[in-house]
Amino acid sequence: MEVDVLYSEAGDADFAQGLFEEALENYEQALRANPQCVAALVGRGKIYLEYEDYGKAKKDAKRAMDLAPENSSAWTLSGNVRRCESDFDGAVHDLTQALSLDETNLLARYSRGIAYDLLGQPEAALADFDESLRRAPDFVYAWYDRGVLLTEEGRLSDALESYSRALDLDPEFYECLVTRGDVHTVLKQYKEAEADFNKAIQIAPQQGTAWYYRALLRDEMGKQTEANADYEQARRLGYSEDDL
């Protein structure tokens, strides 16, 4: 196996574990060995996306597409860069191109669903999330974002089902616990809401979001003393109503 391929695959393994610095070094090593290694360009571009360095990510995406216009992952990277830069029409274009090259590209389909949602096209977004989940039923983030979309559409019972599927797969998914708890609050399912916020606080007590939402819940339940204590804790952690 070529040296650049070895380094690129090592970078992919590091990226999958969230070891972004190590992944970046491996991709750099691959590109030193072969400046035209498309897999390394795409991998490095994904790291730059994580770092919100969209200029560098866009440069890697363009270079990868110039070298291999038939590479679905390169188009996916470009689409996600455009989405992060709020060019949602451009994102849908590139992600659709990625899927035309490889209809099994799960990241492209899921990402296009997010772009469609941001474009205000919920039906198209839901279709992409549903197809992603048909192909990969254990795709946690697709369940979560499907729930967010359904919440936006006012389909709260369906949204709860999606959040619960995500939490079955990842019981410590903090954002999902808080979001499900908020939907329970709206539905006046106070016991379930408080359980979600309590668990989120147990998982990440240094995060202010769950403290704040539990304060709102307790306010609504008439537990003013406890609500005030939660508001104060949220403020200590730097969270306020402006973050909603």
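Cut-offs applied
- Residues numbered from 1 in each chain as written.
- Predicted model: local features only at pLDDT ≥ 70, side-chain atom pairs only at ≥ 80, totals over all residues.
- Heavy atoms only, no water.
- Helix = DSSP H or I, 4+ residues; strand = E, 2+ residues; numbered from the N terminus.
- Buried < 20%, exposed > 50% of the residue type's maximum accessible area, 1.4 Å probe, protein only.
- Areas by Shrake-Rupley, 256 points an atom, 1.4 Å probe, with all protein chains shown as cover.
- Lys, Arg positive; Asp, Glu negative; His and termini not counted.
- Charge placed at Lys NZ, Arg CZ, Asp CG, Glu CD.
- Phe/Tyr/Trp six-rings, centres within 6.5 Å; stacked < 30°, edge-to-face > 60°.
- Salt bridge = Lys/Arg side-chain N within 4 Å of Asp/Glu carboxyl O.
- Axes fitted to C-alpha atoms, helices over the stretch in contact; angles between N-to-C directions.
- Parallel < 35°, antiparallel > 145°, perpendicular 65-115°, else oblique.
- Left-handed = near helix turned anticlockwise from the far one by under 90°.
- Contact = heavy atoms within 4.5 Å.
- Core = buried A, V, L, I, M, F, W, Y, C linked by side-chain atoms within 4.5 Å.

Enquirer: Looking at this structure, how should I read the overall build of the protein chain?
Expert: When helices and strands are tallied, the protein chain shows 14 helices and zero strands. Taken along its principal axes, the extent of the C-alpha atoms in the protein chain is 65 × 35 × 30 Å. Relative to its full complement of 244 residues, the protein chain shows a buried share of 47%. Counting every atom, the protein chain has about 12,400 Å² of accessible surface; 47% of that belongs to carbon and sulfur. Once the 26 positive and 48 negative side-chain charges of the protein chain are each reduced to a mean point, those two points are 1 Å apart.

Enquirer: I would appreciate a short explanation of the packing of aromatic side chains in the present structure.
Expert: When we look at a pair of aromatic rings, we describe it by the centre distance and by the angle of the planes. Summed over all chains, the structure comprises eleven aromatic pairs. Their ring planes at 45 degrees and their centres at 5.4 Å tell us that Phe 15 and Phe 20 sit as a pair that is tilted. Relative to Tyr 163, the ring of Tyr 144 lies with its centre 5.9 Å away and its plane at 45 degrees, an arrangement referred to as tilted. Of this pair, Tyr 144 sits in helix H9 (residues 140-152) while Tyr 163 is found in helix H10 (residues 156-169), placing the two residues 19 residues apart along the sequence. Across the pair, Tyr 163 and Tyr 144 agree in class, each one buried. Taken together, the aromatic side chains of Phe 197, Tyr 212, Tyr 213, Tyr 231 and Tyr 239 make up a single cluster linked through ring pairs.

Enquirer: I tried to follow the pattern of salt bridges on my own but got confused; where do I start?
Expert: Oppositely charged side chains can form a pair if their charged atoms are brought close together. Inspection of every chain in the model, using the stated rule, returns 22 salt bridges. Between Asp 60 and Arg 44 there is a salt bridge, with its nearest N and O atoms 2.8 Å apart. Within this pair, whereas Asp 60 is found in helix H4 (residues 54-67), its partner Arg 44 is found in helix H3 (residues 38-50), the two being separated by 16 residues in sequence. Pair check on accessibility: Asp 60 and Arg 44 agree, each one buried.

Enquirer: When you look at the packing of helix H11 (residues 174-186) against helix H13 (residues 208-220) in this model, what are you seeing that I'm missing?
Expert: Geometrically, a packed helix pair is captured by the angle between its two axes and the distance between the axes. Where H11 contacts H13, the axes come no closer than 10 Å and their chain directions differ by 15 degrees. One way to sum up the angle between H11 and H13 is to call them roughly parallel. In this structure, the crossing between H11 and H13 has a hand that is left-handed. Counted together, Tyr 174, Val 178, Asp 182 and Thr 185 of H11 and Thr 209, Ala 210, Tyr 213, Leu 217 and Glu 220 of H13 form the full contact between these two elements.

Enquirer: So what exactly am I meant to see when it comes to the nonpolar core here?
Expert: Across soluble globular proteins, you tend to see nonpolar side chains buried next to one another. Ranked by size, the top nonpolar core spans 72 residues in total, and within it Cys 176 and Val 178 carry the most contacts. Examining the composition of this core, we find that seven residues originate from one element, H3, more than from any other. When near neighbours in sequence (up to four residues on either side) are disregarded, Val 178 contacts Phe 197, Ala 200, Thr 209, Ala 210 and Tyr 213.

Enquirer: When you look at the side chain of Ser 8 in this model, what are you seeing that I'm missing?
Expert: Looking at where Ser 8 falls in the secondary structure, it is placed in helix H1 (residues 3-16). The contact partners of Ser 8, leaving out residues within four places of it in the chain, are Tyr 27, Ala 30, Cys 37, Ala 39 and Ala 40.

Enquirer: Help me understand the environment of Val 3 in this model?
Expert: Looking at the secondary structure, you find Val 3 in helix H1. In this structure Val 3 comes out as partly exposed when scored by relative accessible area, which is 46%. A sequence separation of 183 residues divides Val 3 from Val 186, and the C-alpha atoms of the two residues are 55 Å apart.

What is shown is where atoms sit, not what they do.
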